[in-house]
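Coordinate analysis (summary)
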Amino acid sequence: MQQEWTNWSGSLRFTPGSTETPSDEEELAQLVCRAASDGRTVRAAGAGHSSSPLVQTEDILVSMERFRGVEHHDPGAREVTVKSGMMLREANRAFLDLGLALENLGDVDLQSLVGAIGTGTHGTGRRFHILSHHLIGGRLVNGRGEIVEFPMERDSEFVLAARVALGALGIFTALRLRLVPAFRLHRREWCAHIEDCLADLDRLIEENRNFDFYWYPRSDEAKLRTLNFPEEDQKTTIPYARCVKEMSGWSGEVIPRQRELRFDEIEFFFPAEAGPRCFREVRKRVKARHRKSVGWRVLYRTIAADNAYLSGAHSRDSVTISLHQNNTLPYDEYFRDIEHIFRDYGGRPHWGKKHYLKAGDLRPLYPMWDRFLELRQRMDPEGVFLNPYLSELLGCGRTAPLHA
Amino acid sequence: MKIIGRTTWAIPGGRIPLNSTGPEPDFTSNEELCILNAGYQDAKVEITVFYESRDPVGPYRITVPAKRTRHVRFNDLIAPEAMPLDTDYACIVDSDVAIVVQFNRRDTSRAENALMGVMAFPVD
Ligand SMILES: Cc1cc2nc3c(=O)[nH]c(=O)nc-3n(C[C@H](O)[C@H](O)[C@H](O)COP(=O)(O)OP(=O)(O)OC[C@H]3O[C@@H](n4cnc5c(N)ncnc54)[C@H](O)[C@@H]3O)c2cc1C
């Protein structure tokens, strides 16, 4: 009997028709080739940290857990090619061994590297991009079961599509990344009143390498997090805040933290200048309407503009706002209600989190939407990598007959 | 050596007021647990919350260091889950060492604040 698949928060459950764990590229290519000729579909899963049904399938689910390790390293260019199944934590350690690092990280490192790239995962810091920005090439198996190499030098357009691809262009087997020299950071966490934090927001974002805050809706207090190079962090002061925690270490050790308490989350990207107004409106609405059942936090982060076709920060410096709700409590009414505000501010959803947008809503938000779809069609003309959710999300159907 | 307090306490009459008046967090309507640990060992405290129409939720875990007091707002508890406001609840407070437990309610729904403080019921 097939085992039920559950995502991290427990909000998604399904039983795939079969789960495959190919051991190499050839085996994966054959698997996709067979699936294509049998009219079946294939979805690749990472670590199951997404809560949108991107990987949900009743057909073939592929795990890339056997694709591990560094394939190639070019020290001069600071380039590394890794096999695609590496977990983010494992990749961070491997990069550090080579004296390298990703320029930024999100809140946890328990995702797979390829899964994090697949949904445009990001950290915070106005000068730093989503993690996918490091991607400059790699290899994938396309919908015909062909192994395709896509170096930036030859096909920069494809790389921009591949940087946030939702598993719709193919199954990546190798990722080529341009990294930065390894670095250490000093992390501090502060408690303050939200109004003091908002009044000082521009300075906090400007003066800290990484800054974000959590607002707690039932007290109006905020947890501020600052990360700076240790030698530069002496001058950081937040006079109205109380420092409650601090630590130093390599970036991969101090940016991600443990998250034991399970939650569901919705997150949207906004033009940076709209962030404070949007946050204030969300805060007002949460206090007026949702405090009865919502006790957990709202997170505010910043991200630099990039040019990946489906990136939330495509061509605009961005702020993200995300809502958290304990996974044992209802989230739907809360998330839907606040999503209206997010949309009024031109918000683009985080692909890996909850949202209620469909192709018709999404297309106007992404200048390169149609181009992405053309490349998807080229890579996977018969829709081997589509599931019902992706078909609706992207507005493209399968052309092959469904497996009976 | 004198032992001050008990290890199990009950509070039957909880209901966190929904609305607040005035600047927060000072004037947030809240219910609060005040725990005194007068002993020489840290107290590992577990709170289980009971509702009218669903199974109990918990434990919410708090440590109260030796010779210290801790005041915890029920409003702020989020692990394992945030408690609903404006909903009847009761709770049992269990500790591995003797503690003293008081329960306070501050209701700022109207500008005229209402304050109430009672001792929890010592069970053992
Ligand atoms: C506790 C927690 C903290 C988080 N923190 C952050 C954060 O700080 N910032 C942020 O932006 N996001 C955050 N997220 C969201 C998370 O980073 C994304 O949902 C991410 O995509 C999850 O990666 P995964 O490895 O679990 O992949 P999955 O969720 O399993 O898959 C994600 C996507 O990648 C595709 N994929 C997987 N493998 C391949 C492959 N080999 N080839 C092609 N496509 C593939 C899948 O098909 C799917 O579309 C967090 C999530 C959780 C649960």
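Definitions and limits used
- Residues numbered from 1 in each chain as written.
- Chains lettered and ligands numbered in written order.
- Predicted model: local features only at pLDDT ≥ 70, side-chain atom pairs only at ≥ 80, totals over all residues.
- Heavy atoms only, no water.
- Helix = DSSP H or I, 4+ residues; strand = E, 2+ residues; numbered from the N terminus.
- Expected span 1.5 Å × (residues − 1).
- Buried < 20%, exposed > 50% of the residue type's maximum accessible area, 1.4 Å probe, protein only.
- Contact = heavy atoms within 4.5 Å.
- Near = heavy atom within 4 Å.
- Polar contact = N/O pair within 3.5 Å; in protein donor to acceptor, adjacent residues only side chain to side chain.
- Areas by Shrake-Rupley, 256 points an atom, 1.4 Å probe, with all protein chains shown as cover.
- Nonpolar A, V, L, I, M, F, W, Y, C, P; charged D, E, K, R; others polar.
- Pairing = 2+ DSSP bridges.
- Axes fitted to C-alpha atoms, helices over the stretch in contact; angles between N-to-C directions.

Details of helix 9 (residues 332-344) of chain A
All names here are of chain A. Look at helix 9: 19 Å from first C-alpha to last across 13 residues, which is about the 18 Å you get at 1.5 Å a residue. Every buried residue of helix 9 is listed here: Y334, F335, D337, I338, E339, I341 and F342. Residues of helix 9 that are buried make contact with strand 17 (263-271), helix 8 (275-290), strand 18 (298-303) and strand 19 (318-326). Just past helix 9, the residue G346 takes up positive phi, approximately 75 degrees.

A short note on the site of the ligand
Residue and element names in this part refer to chain A. Inspection of the region around the ligand gives 34 residues, with A44, H49, S50, S112 and T119 positioned closest. Contact between the ligand and H49: an oxygen atom at 2.6 Å from a main-chain N or O atom of the residue. Side-chain polar atom of Q111 to an oxygen atom of the ligand: 2.8 Å apart, as the coordinates give it. Computed on the free molecule, the ligand has an accessible area of 980 Å², of which 98% lies beneath the protein chains in the complex. In terms of residue class, the shell around the ligand is made up of 14 nonpolar, 16 polar and 4 charged.

Overview of the sheet that holds strand 4 (residues 42-45) of chain A
Residue and element names in this part refer to chain A. Taken together, 3 strands build an open sheet; the order of strands is 3-5-4 and the sheet is parallel. Bordering the open sheet on either side are strand 3 (18-20) and strand 4, each of which pairs with just one other strand. Mean inter-strand twist for the sheet, computed between neighbouring axes without regard to direction, equals 30 degrees. As paired elements, strand 4 and strand 5 (residues 60-63) share 4 bridges and run parallel to each other. Across the sheet, residue R43 finds its bridge partner in strand 5, namely L61. Against the sheet, helix 1 (residues 25-37) touches strand 3, strand 4 and strand 5, its axis set at about 170 degrees to strand 5.

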